[in-house]
Amino acid sequence: MTEQQNAVARVGVLGARGRMGMEVCKAVDSASDLELVAAVDQGDDLDAVAQAGAGVVVDFTTPDAVMDNLRWCVENGVHAVVGTTGFTEQRLAQVREWLSGRPGVGVVIAPNFGIGAVLMMQFAARAARHFESVEIIEQHHPRKLDAPSGTATHTARLIAAARADAGLGPAPDATRDEVAGARGADIDGVRVHAVRATGLVAHQEVLFGTTGETLTIRHDSYDRVSFMPGVLLAVREVGRRPGLTVGLDALLD
Ligand SMILES: NC(=O)C1=CN([C@@H]2O[C@H](COP(=O)(O)OP(=O)(O)OC[C@H]3O[C@@H](n4cnc5c(N)ncnc54)[C@H](O)[C@@H]3O)[C@@H](O)[C@H]2O)C=CC1
Ligand SMILES: O=C(O)C1=N[C@H](C(=O)O)C[C@H](O)C1
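All of these numbers come straight from a predicted model, not from anything done at the bench. (Residues numbered from 1 in each chain as written. Chains lettered and ligands numbered in written order. Predicted model: local features only at pLDDT ≥ 70, side-chain atom pairs only at ≥ 80, totals over all residues. Heavy atoms only, no water.)

Moving on: the site of ligand 2. Around ligand 2, the surrounding shell consists of Thr85, Pro111, Asn112, His140, His141, Lys144, Ser149, Gly150, Thr151, Ala202 and Phe227. The contact in question runs from an oxygen atom of ligand 2 to an N or O atom on the side chain of His140, over 2.6 Å. When ligand 2 is considered free in solution it has 320 Å² of accessible area, and contact with the protein chains removes 84% of it. When grouped by side-chain class, the residues that make up the shell around ligand 2 number three nonpolar, seven polar and one charged. (Near = heavy atom within 4 Å. Polar contact = N/O pair within 3.5 Å; in protein donor to acceptor, adjacent residues only side chain to side chain. Areas by Shrake-Rupley, 256 points an atom, 1.4 Å probe, with all protein chains shown as cover. Nonpolar A, V, L, I, M, F, W, Y, C, P; charged D, E, K, R; others polar.)

Encoded structure:
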């Protein structure tokens, strides 16, 4: 092994007092090749991350906070692994622009770090061309700030792209009279329904339909530990992948 391969990566966590942040701190602490050197939450000074010598930051904060955090990471040459939601195409373009001035820095942004969830999205993208109808039902804990979820939004975009490639038009829908919201949100032409209930963690169904059959692809995260193998994989890989990587797919392959 080279000296670089032996080196322990120094990790800072942003959103460290949140549900995901606390789980990430535990996971990093338990990994022998990683060292938790900074645990930062709202109101703390980001400079603590630089002073602690963190080489990688993990961000699970809020859509309002994440862009400032990311800009700070890129400007300070710190690799970033981001699970926070709210990434539009415009935001991704902004991150790419920041990174163009810092070619050695890597950023991994994943809407879902659960390996099963990544596969669910891949399977959904693969199935999309074969079914005229598709709707997404995501279910989460009621303390979630955003709806629909980042995972559902990403899945809808993947499905929409696959449908467009296959030359499929809009899914059939005769609805004329609608109570606002009854048919869910329209994400690139795909209907997405968001459910919030105590007892849930993170769940998603993709329901496909065609004549005489339906196909349901479902993923359930019952515990936030389900996201940790993906987060740790990204922490270990991000320094080897300069630029922006969206989704965990490339890292799993
Ligand atoms: N990609 C994935 O696999 C997953 C993504 N998420 C996403 O991660 C984000 C966080 O989720 P939770 O942990 O459930 O939320 P949470 O509300 O429990 O935690 C967010 C934490 O960020 C802190 N925070 C807010 N602004 C900050 C700032 N400027 N600097 C540092 N800390 C700040 C808050 O005080 C809070 O402690 C959400 O966007 C959620 O959708 C959640 C689970 C998995
Ligand atoms: O807020 C959450 O909990 C989750 N957020 C992510 C999302 O919005 O997709 C990932 C997962 O669904 C849990």
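Now that the structure has been shown, the text picks up again.
We now examine the packing of aromatic side chains. Summed over all chains, the structure comprises two aromatic pairs. Ring centres of Phe131 and Phe208 lie 5.3 Å apart, and the angle between their planes is 35°; this geometry places the pair in the tilted category. Residue Phe131 is located in the loop between helix H6 (115–127) and strand S6 (133–140), and its partner Phe208 is located in strand S9 (residues 202–210); the two are separated by 77 residues in the primary sequence. By relative accessible area, which is 1% here, Phe208 ends up buried. (Phe/Tyr/Trp six-rings, centres within 6.5 Å; stacked < 30°, edge-to-face > 60°. Helix = DSSP H or I, 4+ residues; strand = E, 2+ residues; numbered from the N terminus. Buried < 20%, exposed > 50% of the residue type's maximum accessible area, 1.4 Å probe, protein only.)

Around ligand 1, a shell composed of 20 residues is seen, among which Arg19, Met20, Asp41, Thr85 and Phe113 lie nearest. A distance of 3.0 Å separates a nitrogen atom of ligand 1 from a polar backbone atom of Ala110. For ligand 1, an oxygen atom lies 2.9 Å from a polar atom in the side chain of Lys144. Considered on its own, ligand 1 offers 860 Å² of accessible surface; in the complex 82% of this is hidden by protein. Along the lines of polarity and charge, the residues of the shell around ligand 1 split into seven nonpolar, nine polar and four charged.

Per the UniProt record, the feature "active site" (unreviewed entry) sits at His140 and Lys144. Here His140 shows up in strand S6. Taking relative accessible area as the criterion, His140 reaches 9% and is therefore assigned buried. When sequence neighbours within four positions are dropped, the list of residues in contact with His140 reads Ser149, Val195, Arg196, Ala197, Leu200, Val201, Ala202 and His203. Excluding anything up to four places from it in sequence, Lys144 contacts Thr85, Ser149 and Arg196. (UniProt positions renumbered as here; feature names shortened; annotations may be inferred. Contact = heavy atoms within 4.5 Å.)

When the terminal C-alpha atoms of helix H7 (residues 150–165) are compared, their 23 Å separation across 16 residues agrees well with the 22 Å that a helix rising 1.5 Å per residue should span. Residues Gly150, Thr151, Ala152, Thr153, Thr155, Ala156, Ile159, Ala160, Ala162 and Arg163 constitute the buried set of H7. Close packing links the buried residues of H7 with H6, S6, strand S7 (185–187), strand S8 (190–196) and S9. Following H7 by one or two positions, Gly167 adopts a phi angle in the positive range, close to 75°. (Expected span 1.5 Å × (residues − 1).)

Let's shift gears to the confidence of the model for the chain. With 98% of its residues at a pLDDT of at least 70, the chain reaches an overall mean of 96. In this model, residues 1–5 is a region of pLDDT below 50 whose contacts with residues beyond four sequence positions or in other chains number one contact. The complex prediction reports pTM at 0.96, with the ipTM value standing at 0.99. (pLDDT = per-residue confidence, 0-100.)

So, about unusual backbone geometry. Cis peptide bonds are those with omega within 30 degrees of zero, and the linkage from Ala147 to Pro148 qualifies with -5°. Along the chain, the position of Pro148 falls in the loop between S6 and H7. Despite not being glycine, Asp188 has its phi angle at roughly 50°, a positive value. Among the residues examined, Asp188 registers a relative accessible area of 54% and is labelled exposed.

What follows deals with the pairing of strand S2 (residues 34–40). Judged from the six bridges that link them, strand S1 (residues 9–14) and S2 form a sheet pairing that is parallel. For Ala9, the partnering residue across the bridge sits in S2 and is Leu34. (Pairing = 2+ DSSP bridges.)

On to the sheet that holds S7, then. If you trace the five strands from one edge of the open sheet to the other, you get S7-S8-S6-S9-S10, paired in mixed fashion. Every other strand in the sheet has two partners, leaving S7 and strand S10 (213–221) as the edge strands with one partner each. The average angle at which neighbouring strand axes cross in this sheet is 25°, direction not considered. As judged from the eight bridges shared by S6 and S9, these two strands associate in the antiparallel manner. (Axes fitted to C-alpha atoms, helices over the stretch in contact; angles between N-to-C directions.)

One can describe the packing of helix H4 (residues 63–75) onto helix H5 (residues 89–100) by two numbers: an axis separation of 10 Å at closest approach and a directional angle of 15°. By the angle between their axes, H4 is roughly parallel relative to H5. At the point where H4 passes H5, the crossing takes the right-handed sense. Contact residues: H4 offers Pro63, Val66, Met67, Leu70, Arg71 and Val74, while H5 offers Arg91, Gln94, Val95, Trp98 and Leu99. (Parallel < 35°, antiparallel > 145°, perpendicular 65-115°, else oblique. Left-handed = near helix turned anticlockwise from the far one by under 90°.)

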